[in-house]
Amino acid sequence: MNRVKFGAWMIPVLFILLAAVPFVAQAIGEPFYVTFFARVLVYALAACALNLVLGFAGLVSFGHAMFIGLGCYAVGILSYYGISDGWLQLLTAVVVCALVGLVVGTVCLRTSGIGFIMITLAFAQMFYFLMVSMTTFGGDDGLNINEPSNFGLFELSGSTEVYWAAWAVLLAVTIFLARLKKSPFGMVLQATHINPRRVNAFGYSVFRVQLAAYVMSGVLTGLAGLLLANLTAFASPSYMSWPVSGELIVMLVIGGLGTITGPIVGAIAFLVMEEFFKGLTQHWMLIMGPVIVVIALLSKNGFAWLTRRREEPAAAPAAAPKVAAASAGESQ
């Protein structure tokens, strides 16, 4: 019972603690923590978006950083031409990420397993080299963003503003994913990972369900890119490189695949460990790697025991009855 109650309170407690960060940083005179945790929130948002396809549907996308880069350049390119309207930048990021997600998803979802992984990586690298070749927008050196996104009532002109924007968006996305997971669409999406043939037998199209999730995930990742561009005042092809995609996957593994707050916990753990080990030595990756391996070996699903909102995750055999119940509900 205590475990159930703890899981139910995980989301509000986590976001209350995150909301306290700017006040604590101001009290101790360390504005660096606001910038650092703003970056944590941005990557947590991207990890939550990836969780929609990797955690729920079991689709290992090794090129999801592509959408972060697209969101960054939606801000950077418009700013380059003197357009700092945040709503227009947001609309551009959403439309571009949705269209790219639709095209890439349509191609990639024709395959599965290692084929899906390699094709998503190939598309990400294609966009990476495309931006490297565009010397007008800085090429490999990246593009400075001189004007922050202006949304009328507020603008993302500093770390604090980006922090609160990222906090609000992450909270909204977390609540949305929590509700989505329990919805008929979410149940069907999870079932496509467990038994796609049975899902098709119930009359659902596995391809369409997974494609919708992939496009949705790409759009949410693009929002993280828009926030990252304002946080760093910079857009770079490195944001869409394959190591960034790998880091997002590691955050999910650490936090717990398929859990609601797991991506947030994973992003916090990963980036805090990275910052701590960087302070110890310039060869911090030699320490970071084994630590992640130990976490993966000792814990079946990362820190998922911290993030579950139920005593146990939905068991595999129970997925088919859920899909059947959802199908029966729609037919009535």
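Okay, so let's go over this structure. (Residues numbered from 1 in each chain as written. Predicted model: local features only at pLDDT ≥ 70, side-chain atom pairs only at ≥ 80, totals over all residues. Heavy atoms only, no water.)

**Some thoughts on the overall build of the protein**
Working step 1: A tally of helices and strands in the protein yields 15 helices and 2 strands.
Working step 2: When each of the 332 residues of the protein is scored for burial, the buried share is 50%.
Working step 3: Across the protein, every contact between residues at least 6 apart in sequence was considered, and the portion connecting residues at least 24 apart equals 79%.
Working step 4: Here the protein has roughly 15500 Å² of accessible surface; of this, 68% comes from carbon and sulfur atoms. (Helix = DSSP H or I, 4+ residues; strand = E, 2+ residues; numbered from the N terminus. Buried < 20%, exposed > 50% of the residue type's maximum accessible area, 1.4 Å probe, protein only. Contact = heavy atoms within 4.5 Å. Areas by Shrake-Rupley, 256 points an atom, 1.4 Å probe, with all protein chains shown as cover.)

**A closer look at the pattern of salt bridges**
Working step 1: What the rule picks out here adds up to 2 salt bridges.
Working step 2: A salt bridge links Glu274 to Arg39, with the nearest nitrogen and oxygen atoms 3.5 Å apart. Of the two residues, Glu274 is situated in helix H12 (residues 262-280) and Arg39 in helix H3 (residues 32-54); the sequence distance between them amounts to 235 residues.
Working step 3: The class for Glu274 is buried, based on a relative accessible area of 3%.
Working step 4: In this structure, Lys278 and Glu274 form a salt bridge, with 3.7 Å as the shortest nitrogen-oxygen distance. In this pair, Lys278 and Glu274 are both assigned in helix H12, 4 residues apart and thus about one turn of the helix distant. (Salt bridge = Lys/Arg side-chain N within 4 Å of Asp/Glu carboxyl O.)

**Structural notes on helix H11 (residues 242-255)**
Working step 1: An ideal rise of 1.5 Å per residue puts 20 Å on 14 residues; H11 measures up with 20 Å between its terminal C-alpha atoms.
Working step 2: Within H11, burial applies to Val244, Ser245, Gly246, Leu248, Ile249, Met251, Leu252, Ile254 and Gly255.
Working step 3: Positive backbone phi, at 120°, marks Gly256, one or two positions downstream of H11. (Expected span 1.5 Å × (residues − 1).)

**Section: the packing of aromatic side chains**
Working step 1: This structure, assessed with the given rule, holds 17 aromatic pairs.
Working step 2: Centroid distance Phe32 to Phe36: 6.0 Å. Interplanar angle 25°. Geometry classified as stacked. A residue pair is termed a helical-turn pair when its members lie 3 or 4 positions apart in one helix, as Phe32 and Phe36 do in helix H3 at 4 residues.
Working step 3: Judged by its relative accessible area of 42%, Phe32 falls in the partly exposed class.
Working step 4: Aromatic side chains Phe67 and Tyr214 sit 5.9 Å apart centroid to centroid with 70° between the ring planes, which places their arrangement in the edge-to-face category. Residue Phe67 is located in helix H4 (residues 65-80), and its partner Tyr214 is located in helix H10 (residues 206-232); the two are separated by 147 residues in the primary sequence. (Phe/Tyr/Trp six-rings, centres within 6.5 Å; stacked < 30°, edge-to-face > 60°.)

**Topic: the packing of helix H8 (residues 184-194) against H10**
Working step 1: H10 packs onto H8 with a crossing angle of 110° between their chain directions and a minimal axis gap of 10 Å. The pairing of H8 with H10 is recorded here as roughly perpendicular in orientation. Between H8 and H10, the residues in contact are Phe185, Val188, Leu189 and Thr192 and Val206, Val209, Gln210, Ala212, Ala213 and Met216, respectively.
Working step 2: Of the residues contributing to the contact of H8 with H10, the split by class is 8 nonpolar, 2 polar and no charged. (Axes fitted to C-alpha atoms, helices over the stretch in contact; angles between N-to-C directions. Parallel < 35°, antiparallel > 145°, perpendicular 65-115°, else oblique. Nonpolar A, V, L, I, M, F, W, Y, C, P; charged D, E, K, R; others polar.)

**With respect to the state of the cysteines**
Working step 1: Following the criterion strictly, the structure yields 0 disulfides and no others.
Working step 2: In this model Cys72 remains outside any disulfide bridge; the closest cysteine sulfur is found in Cys97, 9.8 Å from its own.
Working step 3: Classification of Cys72 as buried rests on a relative accessible area of 0%. (Disulfide = S-S within 2.5 Å.)

**Focus: H4**
Working step 1: The terminal C-alpha atoms of H4, which comprises 16 residues, lie 22 Å apart, in line with the 22 Å expected from a rise of 1.5 Å per residue.
Working step 2: Of all 16 residues making up H4, 14 are buried, and the element is well covered by its neighbours.
Working step 3: Of the residues one or two after H4, Gly82 is the one with positive phi, at around 80°.

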